[in-house]
2 protein chains.
Amino acid sequence: MSRSTSGTPSIRDVARTAGVSVATASRVMAKANYPVAEPTRQKVLEAARSLGFVANALARSLARARTDIIGVVVPVLINPYYAAMVEAIDQAAREHGLTMLLSLTGGDERRREAVIDDLLARRVDGLIVCAGAFDHQKLRSREELGMPAVLIGQQANNGLPIIRTDNRRAGHDAAAYLWGLGHRRFAYLTSLKTWHDFHDRGRGMMEFLAGTGVPYEAEIMDGLFGEADSYARVRQECDWGLRATALIASTDRHALGALAALADAGRSVPGEVSVMGFDDYVTSGFVRPSLTTMQMLAAEMGRRAVEMLKRQLLGKSAPQRPMLQATLVERGSTGPAAG
Amino acid sequence: MSRSTSGTPSIRDVARTAGVSVATASRVMAKANYPVAEPTRQKVLEAARSLGFVANALARSLARARTDIIGVVVPVLINPYYAAMVEAIDQAAREHGLTMLLSLTGGDERRREAVIDDLLARRVDGLIVCAGAFDHQKLRSREELGMPAVLIGQQANNGLPIIRTDNRRAGHDAAAYLWGLGHRRFAYLTSLKTWHDFHDRGRGMMEFLAGTGVPYEAEIMDGLFGEADSYARVRQECDWGLRATALIASTDRHALGALAALADAGRSVPGEVSVMGFDDYVTSGFVRPSLTTMQMLAAEMGRRAVEMLKRQLLGKSAPQRPMLQATLVERGSTGPAAG
DNA sequence: CTGAAAGCGCTTACAG
DNA sequence: CTGAAAGCGCTTACAG
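**Some words on the overall build of chain A**
Within chain A, the secondary structure is distributed over twelve helices and eleven strands. Its C-alpha atoms give chain A a radius of gyration of 27 Å, clearly above 20 Å, the size a compact globule of 339 residues would have. Along the longest, intermediate and shortest principal axes, the C-alpha atoms of chain A span 90 × 40 × 35 Å. The 339 residues of chain A split such that 51% are buried. Counted over contacts in chain A with a minimum sequence separation of 6, partners at least 24 positions apart contribute 66%. Approximately 14,400 Å² of chain A is accessible, and the part contributed by carbon and sulfur atoms is 52%. Within chain A, one finds 41 positive and 36 negative side-chain charges whose respective centroids are separated by 9 Å.

**Observations concerning the relation of the copies chain A and chain B**
Screw-axis analysis of chain A against chain B gives a translation of 0.0 Å along the axis, an RMSD of 0.1 Å, and a rotation angle of 180°. Put plainly, the chains are arranged around a two-fold axis.

**So, the environment of Pro319(B)**
One can find Pro319(B) in the loop between α12 (298-313) and β11 (327-329). Sequence-distant contacts of Pro319(B), defined by excluding residues within four places in its chain, comprise Met308(B) and Arg311(B).

**Let's talk about the interface of chain A and chain B**
Contacts between chain A and chain B engage 46 residues on the former and 47 residues on the latter. Across the chain A to chain B interface the summed buried area is about 4,200 Å²; carbon plus sulfur atoms make up 64%. When the buried area of chain A at its contact with chain B is split by residue, Leu58(A), Arg123(A) and Phe286(A) rank highest and sum to 17% of it. Put simply, chain A and chain B have four salt bridges between them. Between Arg111(B) and Asp90(A) there is a salt bridge, and its shortest N-O distance comes to 3.8 Å. Counting across the chain A and chain B interface gives twelve residue pairs in polar contact (both at pLDDT 80 or more). Elements represented by at least two residues in the side of chain A that touches chain B include exactly α4 (57-64), α5 (80-95), β2 (99-104), α6 (109-121), α10 (227-240) and α11 (252-264) of chain A. Looking at the side of chain A that touches chain B element by element, the count peaks at seven residues for α5(A). Classifying every residue of the side of chain A that touches chain B gives 29 nonpolar, seven polar and ten charged.

**Describing the confidence of the model for chain A**
Taken residue by residue, chain A gives an average pLDDT of 92. The fraction at 70 or more is 96%. Long-range and interchain partners of residues 1-6 of chain A, a stretch whose pLDDT sits below 50, account for four contacts in this model, where long-range means more than four residues apart.

**Some details on the sheet that holds strand β6 (residues 185-189) of chain A**
Residue and element names in this part refer to chain A. Across the sheet, which stays open at both edges, the six strands sit in the order β7-β6-β8-β9-β10-β11 with mixed pairing between neighbours. The open sheet has two edge strands with one neighbour each: β7 (217-221) and β11 (327-329). Averaged over all pairs of adjacent strands, the angle between their axes in this sheet comes to 20°, without regard to strand direction. Of the strand pairs in this sheet, strand β10 (residues 292-295) and β11 are connected by three bridges, and their pairing is antiparallel. Along β11, the bridge assignment pairs Met-294 with Leu-328.

**Comments concerning the pattern of salt bridges**
Applying the stated criterion across every chain yields a total of 45 salt bridges over all chains. A salt bridge links Glu237(A) to Arg233(A), with the nearest nitrogen and oxygen atoms 3.0 Å apart. Residue Glu237(A) and its partner Arg233(A) are located together in helix α10, separated by four residues, close to a single helical turn. In this structure, Arg253(B) engages Glu227(B) in a salt bridge whose closest nitrogen and oxygen atoms are separated by 2.7 Å.

Definitions and cut-offs
- Along each chain, the written sequence defines residue order, and numbers are assigned to residues from 1.
- For this description, chains carry letters from A and ligands carry numbers from 1, given in the order in which they are written.
- Two thresholds apply to this predicted model, a pLDDT of at least 70 for residue-level local features and 80 or more for giving and counting side-chain atom pairs, whereas whole-chain, interface and lining totals are computed over all residues.
- Based on all heavy atoms of the structure, the side-chain values leave hydrogens and waters out of the count.
- In this text, helices come from DSSP runs of H or I with a minimum length of four residues, and strands from runs of E with a minimum of two, each type numbered from the N-terminal end.
- In this setup the radius of gyration rests on C-alpha atoms only. A globule is expected at 2.2 Å times the number of residues raised to 0.38.
- Note on classification: 1.4 Å probe, protein chains only; a residue is buried when its accessible area is under 20% of the maximum for its type, exposed when over 50%, partly exposed between these limits.
- Two residues form a contact once any of their heavy atoms are found within 4.5 Å.
- Accessible surface area values rest on a Shrake-Rupley calculation with a 1.4 Å probe, where residue burial reflects the displayed protein chains alone.
- For this count, His and the chain ends are skipped, Lys and Arg are scored as positive, and Asp and Glu as negative.
- Each charge is placed at NZ for Lys, CZ for Arg, CG for Asp and CD for Glu.
- Superposition of the copies used a least-squares fit over C-alpha atoms from residues whose pLDDT is at least 70 in both.
- By buried area we mean the combined loss of accessible area, with a 1.4 Å probe, across both parts when two parts are placed together.
- The term salt bridge refers to a pairing of a side-chain nitrogen on Lys or Arg with a carboxyl oxygen on Asp or Glu at a separation within 4 Å.
- Two N or O atoms form a polar contact when they lie within 3.5 Å of each other; inside protein one atom must be a possible hydrogen donor and the other a possible acceptor, and for residues adjacent in sequence the pair counts only when both atoms belong to side chains.
- Gly is placed with the polar residues, together with every amino acid not listed as nonpolar (Ala, Val, Leu, Ile, Met, Phe, Trp, Tyr, Cys and Pro) or charged (Asp, Glu, Lys and Arg).
- What pLDDT conveys is the predictor's confidence in a given residue, as a value from 0 to 100.
- We treat two strands as partners when DSSP finds at least two bridges between them.
- Axis geometry follows a simple rule: fit a line to the C-alpha atoms, using only the stretch in contact for helices, then measure angles between N-to-C directions, giving values from 0 to 180 degrees.

Rendered as structure tokens:
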């Protein structure tokens, strides 16, 4: 029994009302430049229009064995770093004729596996997985995945291509900049155990300091997950007698918390202490003092990931491009060390 | 010819290696409590495991005529308001056994239509569309959509159910609070032409002021799209001689820009001028002075939208719940009017 | 409890 | 330039 009377019209309905075969209807609807006689084409188009035909993408994908969808896995969106990355991925995908199917892990490894399973079941054409915390740890290998994939983040993994920013160098540059301003006593606000990026930034900072051959102090303030932790810790350090004159924060979030704590403790920034972050949120330019930060190119990473994935989909080789470099954005929260 | 040797194994392969029919294989894989003899079930499970079978969701959706996917349309993610909303939708959807398919419009009406077409073609089970600027304007009607949908945002539209926050009341409350502090000269930082929410907040504010029966001043500073615009405008007003002692900003973004401008112009906050925002970003508690704001429950709106959509999918009636109310979060940027 | 078969809505060699 | 038919990988009455 025909189903043309109920629900969405199918290509069969279009074919029937246009008086052509399903094959022909399919060709004019889906293959822009397949040779079809002009009058025939018009009849089909008109039939489709009048019926309000919307081709079923599921059926199409099933028949063609491809979906033109790329699965994108990120920890969260509330962090502007990921938000910017995802927006860039979405736009780049669109430009390549692909649709983004986004999945959130909340930073949880089990959930990451679950969402990847889901993406695989939906037969996405490829995958972009962003590291969050230890997210790439134990990620299944290229073979287990069985489809093109690119990673964004810090850790190399199983031979999957990866886009990353040189966090070590960024940490190095941050410390070098502050050093040049005369600072010799540093503190690093971070959460080392969870985020590789933070670890590498700290390492770069330490390497720079050790390499100067000049005496310095460097303290790690660990276990800080956001503004609130950072605020509490710096506040406490101020009470106890903060030694550092230069605070390097793992992200702008941490830096913003520190800035608030210093203000509340009556320490002048950058008069008494300088503060630097990483990421460069929009907000960072609009706090007072404004925040000096290492700008990480989240959007650019997203774009490159799509580009690299697209090359894989086309069967081209994906040349491993060099790491991205962070840029120092100098603002009001840093200044010469006192004395 | 069998295709079991290449690519992903299908249910046919599972059936064959388990020595059962495709129907039985399908039942054990997809229908948890369909009665199947235990030994048979085990054979199928084992076959699936050994083959690494992952059921094709496209085929399943096609056969069942439902996808368990809900399409979600938002303007952007970089704004924490939408980021929070989307995260809440994603989680709520997951809890209801649904997958979120997110599409970004960038606030562009044409692109919104395009992404909705795409979602329709993918046969999502339902739609959640968030207003951004004039986004619900000219949105196709319930009939044209031909599927369950719920709107989030300000404007009612074509009889589609809608989740919203009482922006007028929020604006009213903001003004009332400042009025109670003794302020009589107000300014509203906004972008009226594009965002209905902003319009309603301003209207609520004006209605309150007009209702007091006491002389007051109120100026609209229009055409402001973010921190930078807001900063520039307030900076300029300070040069020209700012009259208002109470600045109400359409969003925390606008408020943050204003705060920076006042700081740079040497005006004390809240000593000389009080500033209030809407939204309550995480950041807003960590600027100094910290920002008093009307907290909009973005996550709650997202959750309710999913819930309401789910009811529609189940064919239940969706009782129109009352509007959400914003909550005033009192912080350091507001204080008694001088004099 | 199990299987044969039709159907979901497309696409695409293959043959005219 | 056009059509008949097989196939994509599932699900699900229907009949045993």
